[in-house]
Structure formats: C-alpha cells, structure tokens
Amino acid sequence: MWLGEALLEPTQADAIITQTSAIMKAYADKGFTAAGSNASIWIVVDRSVSAPQYSIRSEVIYLSLDSATSITGDKARRELAHELFHWIQDEAYAMTAAALSGARTWWLETTAENGVFLIDNGALEYNLKHYGQTNVSGAMLGFQAAPFTWGRNDEARYIHAQLLRVNMCEYSCPISERDMIWAIKRGRYLLDNADTQAKIRANLDDYARYLLGAAPERTNTSIPLHETVRVGDAFGDIIQISRTSKSEFSLRTSSSPPQIMQETPDSRPPEYHINALIEQGGVYPLQVISGQSVQRGHPGWPVMLTIEPGIELLYRQGDEPVKHHDGQDQLILGPIHRTMGYPIVRVVALGRNASNTFKATVRIVDLQGDWMLIPGKTIRSAVVCTPDGGSPTSDTSGTLDAFLATMGVYE
Ligand SMILES: [Zn+2]
C-alpha cells in the first residue's frame, strides 16, 4: 500500500515486491513456516521514516525513502530482511511492548539478525562491520554492553547477534539453528533463563577467538572467518599510530574520552590511556595499528601496549596464534610497528563473570625500559636488521633520538 504522494517509480515499487517475495521464500525454505503463508505484508514508504522499522501495532513495515529506492543494495536488502523477520516473529510471539522485557527484546532482535545470517551469506560480516563501532551510551561500544537486555532504540546491541551466532551449533552449543527455528515458530524465548545465559558467558573466550580471526574451539567451529575478523581493523576501538605531514608521531583513535584519553607527559611524545568498562557478559575489542591501516599509511614510531593486571583477555600479535592471558600479571605487547615489529596487535578483553575494567596504555617504545623486554628474535629480525638483509647491528642502546633518526629507512 503506497500512501500519500507517489514517492516511487513503478519499477522501484516492483523491486521492493520482488525482494520481499525472494526473502520470504528463503525464510520459508529454512523452515520458518509463517513466511510461506498467503497473508499480505504491508510495506509503507514514508519520508518521515529515518530507518526501516516494523510496527507491532499495525503489523506494517515502514521503509525510508532511501531504503526503498536502493532496495537491491546490501544495506537496504538486509534491513528489509530484518524487518520481515519481525513480521514472521509476530505470527507466534505476543510482541506488544508491554509483553517485552529487556531479555525478550534482546532475543527478538538478535534472532532477527541471525535469521538474516541464515539466508544471506554476507550478512554476518556486514553486521560486524556495520554495528561494530556503534555505542550504547557515551563512548561504550555495543560490544562492551551486557547481553540479554535491551535499551530503548538500542541499535548498538545488534552486534550481539555475533555472540549468538558463535553460540549456535548442533551439538556443543547452548543453542542450535534447529532450536532457533523451532522457537521462532512456537513463540518461545530460549535464552530467558540464567542457566543458558551462564553457558553463553562461559563461552566468551571462544567468541573472542572468532573476533580475533581464529576458529572457535568448542562452539560454532565452522563459523565463517570472513575478511573483517581476519584483518580486524574495522570494528571495536581502533588506535592508529602514524606519521603525518604535521607530526612524526601522531595518535588517532576511533573512540573518545573518557574511554581513551590522550596525555602528554613532560618532554615525551603523547600517549593514550585506555579505561574501558565491560559489563557482565560483554567484551572489549581493541586494535592497535601501525599506520592508517594494516596495509596503508606511513607508520610512525613503534609503540608498546601495556595492559594492567586484573582482567582476562585473549590477544593476537600480527599473524601469530591467539593467546590467552588470565590477567594475573601486567602484560606488555609489541613492539607495534609495520616493519620493526607487529603491524597490528589485537586484544579482546572479557567481562566473563562480572563487570570489569580494561586498563592499558599505548606509548612509544622506551629504549631504556620496555625495549629490554622485547624477545631477541624480534630485535634481530624486525627491529635492527638492515633493509638489504645485512648483519644485525647491536646499536640498540643509543639515545632515543639517535634511534628514531634511523627509522625513516624502514617505512
Ligand atoms: Zn529489529
């Protein structure tokens, strides 16, 4: 039904109908029987709508003019598929606002995203890219926020669909794909109990492996390791260290204070202090990158990431295997530099059993202190080798200025 002025060309309206039919057929083929019914689906295109939405009261899907005119594009098509999944849910669930608690809304939203994952191969990666840096409140990422609850207009928690996907498999997971399809048909809330929620929190380390680009070991071991998790520079908090036209050493971050604060100690280059609260069941992905990206831009000086004790985490230096850190001691990672160390260091800290705070510092390599902690292998192969593969120099004990002066060679 097209209300009011004619906003669309007939061919654009046809494209929406074609997409809707294709999406509903794909859902029906997956076993969501409501999608195969002959019931009419009402879609209204309206200038006043900013993002696609499903109205529980009227059972109408509203599309923005933007979505409606780009419906074959990935964004609009996936948003339409998400809203159509709410339409399917509405056939079995009592979706009135009064019936919904935070936990129930979390289930309806994360299963709607997972419904899209089931019928669209690129949607899992799209979700991570699209919602991987959205904030719930202040600087806190959706990743850091507790699962199994939902705030009003809480777009940031769409990212929790990733957590659900990692925990969805046939035998060793808290929930299987079959369980989800069954629940959606019956109008059940499978995760609305403390036991299952505890199981999902117990799997946070496996979720972290996936976010670090490695296959989970106990849960959904066959989840696709797409480019976004393999490269790891497009979600979570990101810190880039580069040389710019204005400065030899420039720090940039995707985050904002107070989560990541810049400080400049006396007569030293600037440094970043990270203070990231993680709610129970949340995680905190952080990437420290040399250059504008792992491949691109001028790297600045090498830095170390120093993580204070007290928080469990998994980390990955460059392409090395994912490692677990129990949080007993301070952890120093690096040096982080495209040619003289690791081009990227990635961390996923866990709020496994209770909320916790990830505290860390990114600061330039200190030749007198941190430098001595670097494994010999790294010094020889990455830090002081000459570009033509000549013999390693032993001149690592000079002044910081002398050392840095030689560094242009390695960019
Ligand atoms: Zn939704």
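Student: Can you tell me about the packing of helix H3 (residues 74–90) against helix H4 (residues 102–119), naming the residues and giving the values?
Tutor: Put simply, H3 and H4 touch, their axes get as near as 9 Å, and they point 120° apart. If you check the angle between H3 and H4, you find them oblique. Considering how the two elements wind past one another, H3 and H4 form a crossing that is right-handed. Contact with H3, carried on its side by Arg78, Ala81, His82, Phe85, His86 and Gln89, involves Leu108, Ala112, Glu113, Gly115, Val116 and Ile119 of H4 and no other residues of that element.

Student: Go over the nonpolar core with me, naming the residues and quoting the values.
Tutor: Where a protein is soluble and globular, its nonpolar side chains tend to be buried together. Ranked by size, the top nonpolar core spans 91 residues in total, and within it Val283, Val288, Val348 and Ala349 carry the most contacts. In terms of residue count, the dominant contributor to this core is H3 (seven residues). With sequence-adjacent residues up to four places away left out, Val283 is seen in contact with Phe143, Leu204, Tyr207, Ala208, Ile278, Val348, Ala349, Leu350 and Gly351. Counting residues in hydrophobic clusters, the runner-up holds five residues, among them Trp106, Trp107, Phe148 and Trp150.

Student: Residues and numbers for unusual backbone geometry, please.
Tutor: The peptide bond linking Pro257 to Pro258 adopts the cis configuration, its omega dihedral lying at 5°. Structurally, Pro258 can be placed in the loop between strand E7 (250–253) and strand E8 (260–263). With an omega dihedral of 0°, the bond running from Gly334 to Pro335 counts as a cis peptide bond. As for its position among the elements, Pro335 is in strand E14 (residues 331–336). Phi at Glu59 takes a positive value of approximately 55°, unusual for a residue other than glycine. As for its placement among the helices and strands, Glu59 is situated in the loop between strand E2 (53–55) and strand E3 (60–63). For Glu59, a count of 16 C-beta atoms within 10 Å translates into the label partly exposed. Backbone geometry at Ser267 places phi at a positive 50°, although glycine is not the residue there.

Student: Kindly report on the sheet that holds E8, identifying the contributing residues and their values.
Tutor: Taken in spatial order, the five strands line up as E8-E9-E16-E11-E14 in an open sheet, and their pairing is antiparallel. If you trace the sheet from one side to the other, it starts and ends with E8 and E14, each paired once. Put simply, the sheet's adjacent strands are angled 20° from each other on average, direction ignored. In this structure, strand E11 (residues 303–307) lies alongside strand E16 (residues 356–364), joined through five bridges in antiparallel fashion. In the strand pairing of E16, Leu305 is matched with Val362.

Cut-offs and rules
- Residues numbered from 1 in each chain as written.
- Predicted model: local features only at pLDDT ≥ 70, side-chain atom pairs only at ≥ 80, totals over all residues.
- Axes fitted to C-alpha atoms, helices over the stretch in contact; angles between N-to-C directions.
- Helix = DSSP H or I, 4+ residues; strand = E, 2+ residues; numbered from the N terminus.
- Parallel < 35°, antiparallel > 145°, perpendicular 65-115°, else oblique.
- Left-handed = near helix turned anticlockwise from the far one by under 90°.
- Contact = placed C-beta atoms within 7 Å.
- Core = buried A, V, L, I, M, F, W, Y, C linked by C-beta atoms within 7 Å.
- Buried ≥ 20, exposed ≤ 12 C-beta atoms within 10 Å, placed from the backbone.
- Pairing = 2+ DSSP bridges.

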